[in-house]
Amino acid sequence: MPPSGSGASAPAGGASREGDPPSGRRFADVGPLALELGGKLPAVRLAYETWGRLDPDRGNAVLVLHALTGDAHVSGPAGPGQPTAGWWDALVGPGRALDTGRWYVVTANVLGGCQGSTGPASAAPDGRPWGSRWPRTTVGDQVRAEVLLSDLLGIERWAAVLGGSIGGMRALEWVVGQPERVRAALVLATSARACADKIATQITQNLAVTGDPGWCGGDYHSRPHAAGPHAGLGLARRIAHLTYRSGGELEARFGAQPQPGEDALGAGRYAVQSYLDHHAAKLVARFDAGSCVALTDTMTTRDVGRGRAGVAASLASSRVPAVVAGVDSDRFYPRHQQEQISRQLGGALGGLRTVLSPYGHDGFLLEQEQVGALVREVLALSG
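Residues numbered from 1 in each chain as written. Predicted model: local features only at pLDDT ≥ 70, side-chain atom pairs only at ≥ 80, totals over all residues. Heavy atoms only, no water.

Counting its secondary structure elements, the chain contains eleven helices and eight strands. A globule of 383 residues ought to have a C-alpha radius of gyration of about 21 Å, and the chain, at 20 Å, matches this closely. Principal-axis analysis of the C-alpha atoms places the extent of the chain at approximately 60 × 50 × 45 Å. Within the chain, contacts between residues separated by at least 24 positions form 72% of all contacts whose residues are at least 6 apart in sequence. Accessible area for the chain stands at about 14500 Å²; split by element, carbon and sulfur atoms hold 55% of it. Treating the 36 positive side-chain charges of the chain as one cloud and the 35 negative ones as another, the clouds have centres 3 Å apart. (Helix = DSSP H or I, 4+ residues; strand = E, 2+ residues; numbered from the N terminus. Rg over C-alpha atoms; globule rule 2.2 N^0.38 Å. Contact = heavy atoms within 4.5 Å. Areas by Shrake-Rupley, 256 points an atom, 1.4 Å probe, with all protein chains shown as cover. Lys, Arg positive; Asp, Glu negative; His and termini not counted. Charge placed at Lys NZ, Arg CZ, Asp CG, Glu CD.)

Right, dumping it as C-alpha cells:
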C-alpha cells in the first residue's frame, strides 16, 4: 500500500509522496491518536521496515528508533523510493549485533516524519496536506503511536528498544511510560528533558525555516507553484550540523583552509563552509521542512517528568533493565545529561557507558562497532 503522502501538488523536496516506490517499507494504519498537549489526530499511518523472522511466541522482536532526520531504513542500500542507505547498516544482519537469525528487527518512521508516516506533508481527512494545521506533538505521542503499531503487529512486549538522540528520548519514554511492554533498553546520546541551550538552538533553527518566504505559513505543501523553504531548511541544517560534530574534528579536518580551487578571502568559500553547504543540500533533497520544524519542536518540548511529578521521580519509577550511554565529544547532548539519566533511572545498569569518538554527537551513528557492543549487552539483558 502506498504511503498517505503529500499528493501530486507537493513541491519538490524530500517528503514521500503518494505513488512513490515503497522500497522495503510497509504501511500500518494504526488508528486515531489523542495528543498529550491537546487535540487529536483522527488517523495515523506509520511506515515501517522489518528484518528477520518473528518467533511464534513473538518474544524476539526488537524495536530500533531513529533520530531526527532518519527513517525506517536502518539497514540496506539506497534505491528507488529510499533516498539514503541504512543508518545503522553494520548492526543488522546474520552474525551482527542485531542478528537477524535470532531477532526480528522493526524500525518505524516516526510520527511527524516524512518518509511514509503521518506528518505535516501527509493528507489530512479533507485530502489536503496538514501543513500549518499539523498539531504540536510530543515524544510521548510518538511512543503511543509506536504502541499502536506494536498492537497491530501482535507484539505485546519488545525484547528491547534501542535508540540514540531523539530515538534515545523515545527509548527512555518506553521504559518510563510503557515499562510492561519492554524487557530491556539502550538509551544513547540523549537527555531526559530539553535544557535552555538546546531550546535556544532549536528555536533558532526553526526560525530559519519559518522565516523563509517559501514557508508560506507552513502551507507550501498545498501550493503547486511554491518553491518551498529550501533556503531556510538549508540554514537550519547548517546550524544543527555544527552541534552534531565536534569542534576538534572540524578543526582537524578543515582548519581555516579555503575550499580547494576557491579563494575564501575573495568570492570563494572556506573548506568548512563548503562542508556545511554539502550537508544542507543533502537534507533539502531528502527531507521535508515541515517535518524538520515539527520534530525539532518535539525535542524542544521534551520533558520526561511532565505530568509525572518531575524528572527524578519519573526516572526512578522505571525498573526496566537499561544501558545508558553517551559520546565523549558530544556537545549536542553532553555526557552529563546521560550521567543524570544513569544515576536516576531505576533500571539503569552498571553506570554510564561511553562511546569514544572524535565526531561529536554523530558518534552514535558513526561508531557502529562500539554501539554494536552496547546493543549486544542490552540484548543479553532481555533474556
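This paragraph deals with the packing of helix H3 (residues 196–210) against helix H4 (residues 230–244). Between H3 and H4, the least distance of the axes is 7 Å, while the angle of their chain directions is 160°. One way to sum up the angle between H3 and H4 is to call them roughly antiparallel. Between H3, through Thr201, Thr204, Gln205, Ala208 and Val209, and H4, the contact on the second element is made entirely by Gly232, Leu233, Leu235, Ala236, Ile239, Ala240 and Thr243. Classifying every residue of the contact of H3 with H4 by side-chain character gives seven nonpolar, five polar and no charged. (Axes fitted to C-alpha atoms, helices over the stretch in contact; angles between N-to-C directions. Parallel < 35°, antiparallel > 145°, perpendicular 65-115°, else oblique. Nonpolar A, V, L, I, M, F, W, Y, C, P; charged D, E, K, R; others polar.)

What follows deals with the packing of aromatic side chains. Under the counting rule described, the total for this entry stands at six aromatic pairs. An angle of 85° between the planes, with centres 5.9 Å apart, marks the rings of tryptophan 130 and tryptophan 134 as edge-to-face. For tryptophan 130, a relative accessible area of 10% gives the class buried. Tryptophan 134 sits in the buried class, given a relative accessible area of 10%. When the centroid spacing of 5.2 Å and the interplanar angle of 85° are considered together, the rings of tyrosine 244 and phenylalanine 332 count as edge-to-face. One end of the pair, tyrosine 244, is in helix H4; the other, phenylalanine 332, is in the loop between strand E7 (322–327) and helix H9 (335–344), and 88 residues separate them in sequence. Assigned by exposure class, tyrosine 244 and phenylalanine 332 land together as buried. These aromatic residues form a ring-pair network of at least three members: Tyr244, Phe332 and Tyr333. (Phe/Tyr/Trp six-rings, centres within 6.5 Å; stacked < 30°, edge-to-face > 60°. Buried < 20%, exposed > 50% of the residue type's maximum accessible area, 1.4 Å probe, protein only.)

This part covers the pairing of strand E3 (residues 61–65). In terms of burial, E3 is largely enclosed, as five of its five residues are buried. Residues Ala61, Leu63 and Leu65 of E3 are buried on one face, and the alternating residues Val62 and Val64, pointing to the opposite face, are buried as well. In this sheet, strand E4 (residues 104–108) lies alongside E3 in parallel orientation, the contact comprising four bridges. Each residue of the ladder has a partner; that of valine 62, found in E4, is valine 105. Here E3 pairs with strand E5 (residues 160–164) via four bridges, running parallel. Bridged to valine 64 within E5 is leucine 162. (Pairing = 2+ DSSP bridges.)

As a further point, take the sheet that holds E7. Here eight strands make up an open sheet; going across it, the order is E1-E2-E4-E3-E5-E6-E7-E8 and the pairing mixed. Strands with a single pairing partner mark the edges of an open sheet, and in this sheet they are strand E1 (26–34) and strand E8 (353–355). Neighbour-to-neighbour, the strand axes of the sheet open up by a mean angle of 25°, direction not taken into account. Helix H1 (residues 139–153) rests against E1, strand E2 (40–51), E3 and E4 of the sheet, and its axis sits at about 125° to E1. Contacts from helix H2 (residues 166–177) reach E3, E5 and strand E6 (185–188) within the one sheet, and its direction differs from that of E5 by about 145°.

Of the two faces of E6, the one carrying Ala185 and Val187 and the one carrying Leu186 and Leu188 are both buried. Read as a crossover between parallel neighbours, the route from E5 over H2 to E6 is right-handed. (Right-handed = clockwise from strand over helix to strand, strands pointing away.)

This part covers the confidence of the model for the chain. Residues of the chain with pLDDT of at least 70 account for 97%, and the chain-wide mean is 94. Taken together, the stretch residues 1–12 has pLDDT below 50 and engages in 43 contacts with residues farther than four places along the chain or on a different chain. (pLDDT = per-residue confidence, 0-100.)

Moving on: the environment of glycine 346. Along the chain, the position of glycine 346 falls in the loop between H9 and E8. Separated by 170 residues in the primary sequence, glycine 346 and valine 176 have C-alpha atoms spaced 9.4 Å apart. Ignoring anything within four residues of it in the chain, the contact list for glycine 346 reads Leu315, Ala316, Ser318 and Arg319.

In the structure shown here, the tally under the stated rule is 19 salt bridges. One salt bridge in this structure joins glutamate 339 and arginine 335, with 3.5 Å as the shortest N-O distance. Separated by four residues within a single helix, glutamate 339 and arginine 335 lie in helix H9, roughly one turn from each other. Close ionic contact of glutamate 377 with arginine 353 constitutes a salt bridge, the shortest N to O distance being 2.2 Å. Of this pair, glutamate 377 sits in helix H11 (residues 368–381) while arginine 353 sits in strand E8; the two residues are 24 residues apart in sequence, bridging distant segments of the chain. Under the relative-accessibility criterion, arginine 353 is labelled buried at 17%. Bridged by salt links that share partners, the residues Arg238, Glu262, Arg269 and Asp277 form one connected network. (Salt bridge = Lys/Arg side-chain N within 4 Å of Asp/Glu carboxyl O.)

Attention shifts here to the side chain of histidine 241. Structurally, the position occupied by histidine 241 is in helix H4. In this structure histidine 241 comes out as buried when scored by relative accessible area, which is 3%. Filtering out sequence-adjacent residues up to four positions away, histidine 241 remains in contact with Tyr275, Leu276, His279 and Asp362.

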